[in-house]
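Listed below, chain by chain, are the residues.
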Amino acid sequence: MEGAEPLGDTIYVIDELEIVPGQLDGFLKAFERDYRPDAESRGQRLLQRLVTPPIDTGRLAELPPIAQSVLLIWELDGLSGFWGMRSQNATAEVAEWWREAGAFFVSRSRRFAASPEAIATFETIGRMNS
Amino acid sequence: MNRRCVAQVVLADGADPKDAEEVAQALVSASEELGAVRASHASVHYDFAVGGGDLTWDLFLESEATVGVPASSLGAALLGVMNGDRLGELLPSSLGSLANRVERVEFAQPELIASGTNAPGLVGVKRTLWMRVNPAAPPDLVARFEAETPILADGIPAIRNWRWSRIPQRDFGEEGEGRTVGSNTESGAALRWTHLWEQEFETVDGLQIDYMSSPVHWGFIDRYFDPEMPDCIIDPWLAHLACPETAPVLSWDLDR
């Protein structure tokens, strides 16, 4: 939540999307227009937007088509940032984005991560009343 | 017969905190008149509870053979629920003097998946999470969710006692639509919930700090609840209910 004191270390959100061949540009445009601004308003800060393999597939005429993936790495301000994001993402607009964006990707995953050094901090925060 | 019942009691519009306490007392009294109720506990929810009723009512039932003759209409209605006549509903017309203060009671007879009792006799805070698995969820994902949820209890020591259950749909008759489900209508009530996750903590902090801060929660199990996660199978409309206990509930000796 904006202005809230971060609780714990940075939490990273890692999205990986396998893009339908030929749909990379369309996905990136839709992402920048329809998802990123609202995600950032929920406290997700985009750190990296990566493409693998880093090839301009439009210049290749050979078959079969090359499947590319987009890797999005976001950061959240600790636990307060995580729950701030979660308190705002159960909306019809977010659901519609993922439903419509499904035309651009074959599959996707989202994972939450932290640095190895942060694990002990998070464990401590979660065991105040043990 | 499953001998535990868990209910959400929804107060009528305009009912005040004093009404809630009186309803809690009346529910316990009414159940005590039945010889078949071994234990009954009703308590008003904390202010931070969301998505569900105003009280949680827990019942531990004896076998049907020992059911007595109820003197009150509420007792009679409860007997009907226990016998499966109208499982899942308890209409205000059955509630006698409480009728104008209670909108509905949503019953579940949880079918146990797993449980743990680390603090027998604990009188603390009971948290009950009522949830609904999306009917279109892949069965293998539902099975994994059911298998993984108890990891919360392993990873969060503040959870002293816990029970993890399915809510058999046969309990609730035909399913209704949207938020009208469970409402008090002539066609009767139907419940929307499929699973029940109950925990006991020593204090509210155990729930609000330890539980919410645990990486097992936000970094692992929450993926079934987060609508942006591909594994999300839980309807965002949850009933997150918690109340102070006046007696042990989850350590009731169910095998006795």
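Everything that follows concerns the structure shown earlier in this document.
All of the points below concern the structure found in this document. (Residues numbered from 1 in each chain as written. Chains lettered and ligands numbered in written order. Predicted model: local features only at pLDDT ≥ 70, side-chain atom pairs only at ≥ 80, totals over all residues. Heavy atoms only, no water.)

1. Brief notes about the pattern of salt bridges
Now for step 1: Within the structure shown, the criterion is met by 24 salt bridges over all chains.
Now for step 2: Between B:Arg223 and B:Glu148 there is a salt bridge whose closest N-O contact spans 2.8 Å. Of this pair, B:Arg223 sits in the loop between helix 6 (215-218) and strand 9 (239-244) while B:Glu148 is found in helix 3 (residues 139-148), placing the two residues 75 residues apart along the sequence. Both residues of the pair, B:Arg223 and B:Glu148, belong to the buried class.
Now for step 3: Through salt bridges with shared partners, a single ionic network connects A:Asp15, A:Arg42, A:Arg110 and B:Glu228. (Salt bridge = Lys/Arg side-chain N within 4 Å of Asp/Glu carboxyl O. Helix = DSSP H or I, 4+ residues; strand = E, 2+ residues; numbered from the N terminus. Buried < 20%, exposed > 50% of the residue type's maximum accessible area, 1.4 Å probe, protein only.)

2. Looking at the sheet that holds strand 8 (residues 195-201) of chain B
Residue and element names in this part refer to chain B.
Now for step 1: Sheet architecture is open: five strands sit in the order 5-7-8-6-9, paired in antiparallel fashion. The sheet terminates laterally at strand 5 (111-117) and strand 9, the two strands that pair on one side only. Neighbour-to-neighbour, the strand axes of the sheet open up by a mean angle of 10°, direction not taken into account.
Now for step 2: Here six bridges tie strand 6 (residues 125-131) to strand 9, and the two strands are oriented antiparallel to one another. Paired with threonine 128 across the two strands is leucine 241, which belongs to strand 9.
Now for step 3: Where helix 3 meets the sheet, it contacts strand 5, strand 6, strand 7 (161-166) and strand 8, and its direction lies at approximately 165° from that of strand 7. (Pairing = 2+ DSSP bridges. Axes fitted to C-alpha atoms, helices over the stretch in contact; angles between N-to-C directions. Contact = heavy atoms within 4.5 Å.)

3. Points about the packing of aromatic side chains
Now for step 1: One pass over the structure, following the stated rule, counts 24 aromatic pairs over all chains.
Now for step 2: Ring geometry for A:Tyr35 versus A:Trp97: centroids 5.3 Å apart, planes at 25°, classification stacked. Of this pair, A:Tyr35 sits in helix 1 (residues 24-41) while A:Trp97 sits in helix 3 (residues 92-101); the two residues are 62 residues apart in sequence, bridging distant segments of the chain.
Now for step 3: Classification of A:Tyr35 by relative accessible area gives buried; the value is 2%.
Now for step 4: Overall, A:Trp97 belongs to the buried group, its relative accessible area being 7%.
Now for step 5: Between B:Phe145 and B:Phe225, the aromatic rings sit 5.9 Å apart at their centres with planes inclined by 70°, giving edge-to-face as the arrangement. Pair noted here: B:Phe145 is in helix 3 and B:Phe225 is in the loop between helix 6 and strand 9, with a separation of 80 residues, a long-range link.
Now for step 6: Among the aromatic side chains, those forming a connected cluster through ring pairs are A:Phe27, A:Phe31, A:Tyr35, A:Trp74, A:Trp97, A:Trp98, A:Phe104 and A:Phe105.
Now for step 7: The ring centre of B:Tyr211 lies 4.8 Å from the NZ or CZ of B:Arg127, which sits over that ring. (Phe/Tyr/Trp six-rings, centres within 6.5 Å; stacked < 30°, edge-to-face > 60°. Lys NZ or Arg CZ within 6 Å of the ring centre and 35° of its normal.)

4. Some remarks on the interface of chain A and chain B
Now for step 1: Each partner contributes residues to the interface: chain A has 25 residues there, and chain B has 23 residues.
Now for step 2: The junction of chain A with chain B conceals about 2000 Å² of combined surface from both sides, 57% of it contributed by carbon and sulfur atoms.
Now for step 3: The interface formed by chain A and chain B includes four salt bridges.
Now for step 4: One salt bridge in this structure joins B:Glu228 and A:Arg42, with 3.9 Å as the shortest N-O distance.
Now for step 5: Linking chain A with chain B are seven residue pairs in polar contact (both at pLDDT 80 or more), by the criterion used here.
Now for step 6: At the level of elements, helix 2 (78-86), helix 3, strand 4 (105-113) and helix 4 (118-125) of chain A are the ones that each hand at least two residues to the side of chain A that touches chain B. (Buried area = accessible area lost by both parts, 1.4 Å probe. Polar contact = N/O pair within 3.5 Å; in protein donor to acceptor, adjacent residues only side chain to side chain.)

5. Focus: helix 3 of chain A
All names here are of chain A.
Now for step 1: Among the residues making up helix 3, those that are buried are Val94, Trp97, Trp98 and Ala101. The arc enclosing the buried residues of helix 3, seen along the axis, measures out at 90°, which places them on a common side. In helix 3, those exposed residues whose orientation departs by more than 90 degrees from the buried face are Ala92, Arg99 and Glu100.
Now for step 2: Packed against the buried residues of helix 3 are strand 1 (11-19), helix 1 and strand 4. (Arc of directions from axis to C-beta.)

6. Focus on the environment of A:Trp97
Now for step 1: Considering only alpha carbons, one finds A:Trp97 and A:Phe31, 66 residues apart in sequence, at a separation of 9.0 Å.
Now for step 2: Aside from chain neighbours lying at most four places away, what touches A:Trp97 is A:Phe27, A:Ala30, A:Phe31, A:Asp34 and A:Tyr35.

7. Points about the environment of B:Asp47
Now for step 1: Of note, B:Asp47 is situated in the loop between strand 2 (37-44) and strand 3 (55-61).
Now for step 2: Counting along the chain gives 195 residues from B:Asp47 to B:Ala242, while the straight-line C-alpha distance between them is 8.9 Å.

8. Digging into the sheet that holds strand 2 (residues 45-52) of chain A
Residue and element names in this part refer to chain A.
Now for step 1: Across the sheet, four strands lie side by side as 2-3-1-4; this open sheet has antiparallel pairing. Across the chains shown, the open sheet's two edge strands, defined by having one partner strand only, are strand 2 and strand 4. Recorded for the sheet is a direction-independent mean angle of 15° between the axes of neighbouring strands.
Now for step 2: With eight bridges joining them, strand 1 and strand 4 adopt antiparallel strand pairing. Opposite glutamate 16, over in strand 4, you have serine 109 as the bridge partner.

9. Remarks on a nonpolar patch on the surface
Residue and element names in this part refer to chain A.
Now for step 1: A surface patch of nonpolar side chains, about 220 Å² in accessible area, is lined by Ile55, Leu60 and Ile66.
Now for step 2: With respect to the secondary-structure elements, isoleucine 55 resides in the loop between strand 2 and strand 3 (68-76).
Now for step 3: Judged by its relative accessible area of 37%, isoleucine 55 falls in the partly exposed class. (Patch = residues over 30% accessible without salt bridge, like charges linked within 9 Å, V, L, I, M, F, W, Y side chains within 5 Å. Areas by Shrake-Rupley, 256 points an atom, 1.4 Å probe, with all protein chains shown as cover.)

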